[in-house]
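As a plain string of letters, each chain reads:
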Amino acid sequence: MSSKHRDGVSINLGFVPEFDYKSSSSQSWTRSWRRLSSLQRTIIVLFVCIVALCFFYFHPTFQSNGSKSAKMVPINVPGDNPVNNLPHDSVREMEIEKAHKLEELKEKAQKQLENMMKQHGVKDDVDEDKVADEKNKVEENNFENTNKEKEKDVEKKVDMEGVKPELEYDFFDANRKHNDRQKAVIEAFKECWSAYKKYAWGHDEFHPVSKKHSEWFGVGLTIVDNIDTTIIMGLEEEYEEAREFATNGLSFDKDKDVNLFEITIRVLGGLLSAYHLTGDELFKTRAKDLGDRLLPCFNSPSRVPYSDVNLRSGNAHAPRWGPDSSTSEVTTIQIEFRDLSRITGDPKYKEAVDEVYTHVHDEPKKDGLVPIFINAQSGKLRNSGTISFGARGDSYYEYLLKQWLQTGKTEMKYKNDYLEAVQGMKTHLVRKSEPSKLTYIGELLSGRNFSPKMDHLVCFMGGTLALGYKNGLPEDHLELGKELTHTCYQMYAKMPTHLSPEIVYFNQAEGAPDDLIVKPLDAHNLLRPETVESLFYLYRITKDEKYRDWGWKIFLAFKKHARIEGLGYSSINNVKNAGNPSFRDKLESFFLAETLKYLYLLFSDDADLLPLDQYVFNTEGHPLPIYKSA
Ligand code: DMJ
């Protein structure tokens, strides 16, 4: 439209002498109108009709669900607008819908105009470009209105109220009773906590021999990973110290590259659990801040997350040591991100991790088993990769079952994938050793060649199988879970220190003198939790006291060989040398968050304490609520 006509409406249909609606006198209007031929008048009337029709049809005021007063959300605004935080797919969907709507509108208007022109005998002698221009303007106005409706829907979605925790258990009740075994575990926890407090407070990890500390994420990992441990054990003083740190000492605004999986299971999981157990909004705020800083990991071409991200800049990338992410790492963040969406009411976290799961679900597998590496660029599982229930594979399987449970057993795809994987595991990986016929889970090197190697990490699987059985899966899962856990216990019992090595090989040859082979480089013990975790599940599910006795023996072995008086516990170098296992000088945060927590729960007689039909434990031992639906 030229500047001359900016305040009015100018229509030039080519054969129509230019006429100006701005003429001031009604006389000149009438005169001009009369000067037009009837064909020209018809076309003008028709055009006005189309404009009016489109306006009434698409304006929100005249649509049944429209609300003119609702706040609109612009799509392309910088800053903190929630729409900017939507996963890319939501924005993409809106753009695609926008294009489709525009096309529909164009077609509709074109047809209406053609019909009317036909009825009035008008043919090709119209200036088509100008008609199209005017038509497009009308359509774009109409589209703006319908698009704003769509934006309102998005806003509604983002503003949903989060689900509040149900606080049914009084963890700090002075009348809570602890038996002697629990008291011993609490004592171990307190010793570690006070040494950490004295020498390493606010730092990630504590080195009890040198009394030094070190950073990994720079977020006070040992504290945040254990807020829920202090709550579950009813340690009010330690809890207050941890809360004070979360209030005044904890910041995620760090120029630090962190591993998405590790910080999710330990720190995000820890904060979420603390929120659910206390209802304290502080933990939710911190969890949301962290979740937002981790989301850039998902901006890969395949949407399979990069393994690392800078907490401040959001720069995400593959690990420094290679191009691939670990399969277990990209599939062991779903429970935490789904829970974050539930408590904040913002679906973006869940949507990001659901997409990863769906992607992995669609990838070809070997009877439900996955290789341990996946490429974030291409989204492909590395076909020649090792298949293992140990390092880099383990919790993929664990989270299949636990996602099914977390979603109130409503999302059958997780259950189906889990059942298929267990079947695949039985077919390809489960064997018995010689001479004692211990059941174990081996590995497939390059996805093909069986190796009788089992990481201690695999020992989570006995408990997971039992948990599946408790939730209606076949009884032979429980039997296999019992056998595996027995083997894991033997990995402790057969060592001179009564502590398990990090990795064992099982003898397959008939007539072999002993079932276990431990290579010198695999003889260390990092205070890992997987065996006592399985003992906890098996005791809860079978009530067989032997699981508690095994757990107690393991605890005593830790106390004997891994404790430094007054300074807590350290990982050790050699479980085969009871005289001198030698300290590695490191207290892993999971020793407190899992090993001691599961031991405490194993010894608990309190049936109301974190029941398994109400809570699902993430892979770092942080209990999160089971929802009634997805
Ligand atoms: C923990 O961080 C978690 O249990 C994880 O799933 C495996 N590694 C350690 C404990 O061994």
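Computed from a prediction, not measured in an experiment: that's the story for all the values here.

Q: Please explain the overall build of the protein as it appears in this structure.
A: The helix and strand inventory of the protein stands at 20 helices and 18 strands. Within the protein, the proportion of its 630 residues that are buried is 56%. Look at the contacts in the protein between residues 6 or more apart in sequence, and 70% of them connect residues 24 or more apart. On the protein, roughly 27,300 Å² of surface is accessible, and the fraction owed to carbon and sulfur atoms is 49%.

Q: Help me understand the sheet that holds strand β5 (residues 316-317), please; the structure alone is not making it clear to me.
A: The strands that make up a sheet are held in pairs by hydrogen bonds between backbone atoms, and each pair lies either parallel or antiparallel. In space, the three strands of this open sheet follow the order β3-β4-β5, with antiparallel pairing throughout. At either margin of the open sheet sits one strand with a lone partner, and together these are β3 (257-259) and β5. Sheet analysis places β3 next to strand β4 (residues 308-310), joined by three bridges and oriented antiparallel. Note on β4: the bridge partner recorded for D257 is N310.

Q: Please clarify how a negative patch on the surface should be interpreted in this entry.
A: Taken together, the side chains of D170, D173, E236 and E240 define an acidic patch exposed on the protein surface. Tracing the sequence through the fold places E236 in helix α8 (residues 236-249).

Q: Would you mind going over the packing of aromatic side chains with me for this structure?
A: Aromatic ring pairs: the centre-centre distance and the angle between the two ring planes describe each pair. Going through the model one piece at a time under the given rule, you end up with 29 aromatic pairs. For the ring pair Y169 and F171, a centre distance of 4.7 Å and an interplane angle of 50° mean the geometry is tilted. Summarising the burial analysis for this pair, Y169 and F171 share the class buried. Taking 5.7 Å as the distance between ring centres and 20° as the angle between the ring planes, the aromatic pair formed by F189 and W193 counts as stacked. In this pair, F189 and W193 are both assigned in helix α5 (residues 180-200), four residues apart and thus about one turn of the helix distant. On the basis of relative accessible area, F189 is assigned to the buried category, the value being 0%. Residue W193 is classed as buried on the basis of its relative accessible area of 2%. Among the aromatic residues, ring-to-ring pairing joins F189, W193, Y196, W201 and F245 into one connected group. The ring of Y627 carries the charged tip of R342 above its face, separated from the ring centre by 3.9 Å. Here the basic side chain of K519 rests over the ring of Y505, its NZ or CZ set 4.1 Å away from the ring centre.

Q: What is the right way to look at the site of the ligand in this model?
A: Taken together, the residues surrounding the ligand are I265, R266, L457, R528, P529, E530, F590, E594, T619 and E620. Measuring from an oxygen atom of the ligand, one finds a side-chain N or O atom of R528 at 2.7 Å. Between E620 and the ligand, the recorded distance is 2.5 Å, taken from a side-chain N or O atom to an oxygen atom. Burial of the ligand by the surrounding chains reaches 92%, relative to a free accessible area of 290 Å². Elements that contribute at least two residues to the shell around the ligand include exactly α9 (260-278) and α20 (589-603). Its residues placed into classes, the shell around the ligand shows four nonpolar, one polar and five charged.

Q: When you look at the packing of helix α12 (residues 334-344) against helix α14 (residues 394-406) in this model, what are you seeing that I'm missing?
A: To describe two helices that pack against each other, one gives the angle between their axes and the distance between the axes. Packing of α12 against α14 leaves a shortest axis separation of 10 Å and a crossing angle of 20°. With respect to α14, the axis of α12 lies roughly parallel. Here Q334, I335, E336, R338 and D339 of α12 lie close against α14, whose contacting residues are Y399, K402, Q403 and Q406. Taken together, the residues that form the contact of α12 with α14 break down as two nonpolar, three polar and four charged.

Q: How do you make sense of the layout of surface pockets when you look at a structure like this?
A: In this approach a probe as big as a water molecule rolls over the atoms, and the regions it shows empty are the leftover space. In this structure, the largest pocket spans a volume of roughly 660 Å³. Around the largest pocket, the lining comprises 30 residues; the ones closest to its centre are F261, E262, R266, L457 and R528. Mapped by element, the contributors of at least two residues to the lining of the largest pocket are β3, α9, α11 (327-330), α14, α18 (530-542) and α20. Partitioning the lining of the largest pocket into residue classes produces 11 nonpolar, five polar and 14 charged.

Q: Please explain the sheet that holds strand β14 (residues 516-517) as it appears in this structure.
A: Strand order in the open sheet formed by three strands is β12-β13-β14, with antiparallel pairing between adjacent strands. Here the strands that pair on one side only, and so sit at the sheet edges, are β12 (453-455) and β14. Judged from the two bridges that link them, strand β13 (residues 503-506) and β14 form a sheet pairing that is antiparallel. Bridging from a neighbouring strand, Y505 pairs with I517 of β14.

Q: Where do I start with the pattern of salt bridges in this structure?
A: Pairing between side chains of opposite charge can happen when their charged atoms approach one another. Under the definition given, this model contains 35 salt bridges. Three or more residues are tied together by salt bridges with common partners; here these are D253, D289, R293 and R312.

What counts, and at which threshold
- Residues numbered from 1 in each chain as written.
- Predicted model: local features only at pLDDT ≥ 70, side-chain atom pairs only at ≥ 80, totals over all residues.
- Heavy atoms only, no water.
- Helix = DSSP H or I, 4+ residues; strand = E, 2+ residues; numbered from the N terminus.
- Buried < 20%, exposed > 50% of the residue type's maximum accessible area, 1.4 Å probe, protein only.
- Contact = heavy atoms within 4.5 Å.
- Areas by Shrake-Rupley, 256 points an atom, 1.4 Å probe, with all protein chains shown as cover.
- Pairing = 2+ DSSP bridges.
- Patch = residues over 30% accessible without salt bridge, like charges linked within 9 Å, V, L, I, M, F, W, Y side chains within 5 Å.
- Salt bridge = Lys/Arg side-chain N within 4 Å of Asp/Glu carboxyl O.
- Lys, Arg positive; Asp, Glu negative; His and termini not counted.
- Charge placed at Lys NZ, Arg CZ, Asp CG, Glu CD.
- Phe/Tyr/Trp six-rings, centres within 6.5 Å; stacked < 30°, edge-to-face > 60°.
- Lys NZ or Arg CZ within 6 Å of the ring centre and 35° of its normal.
- Near = heavy atom within 4 Å.
- Polar contact = N/O pair within 3.5 Å; in protein donor to acceptor, adjacent residues only side chain to side chain.
- Nonpolar A, V, L, I, M, F, W, Y, C, P; charged D, E, K, R; others polar.
- Axes fitted to C-alpha atoms, helices over the stretch in contact; angles between N-to-C directions.
- Parallel < 35°, antiparallel > 145°, perpendicular 65-115°, else oblique.
- 1 Å grid on protein atoms, 1.4 Å probe; cavity = no way out; pocket = protein on both sides within 12 Å on 5 of 7 lines; lining within 4 Å.
- Points joined across faces, edges and corners; volume = space filled by probe spheres on them.

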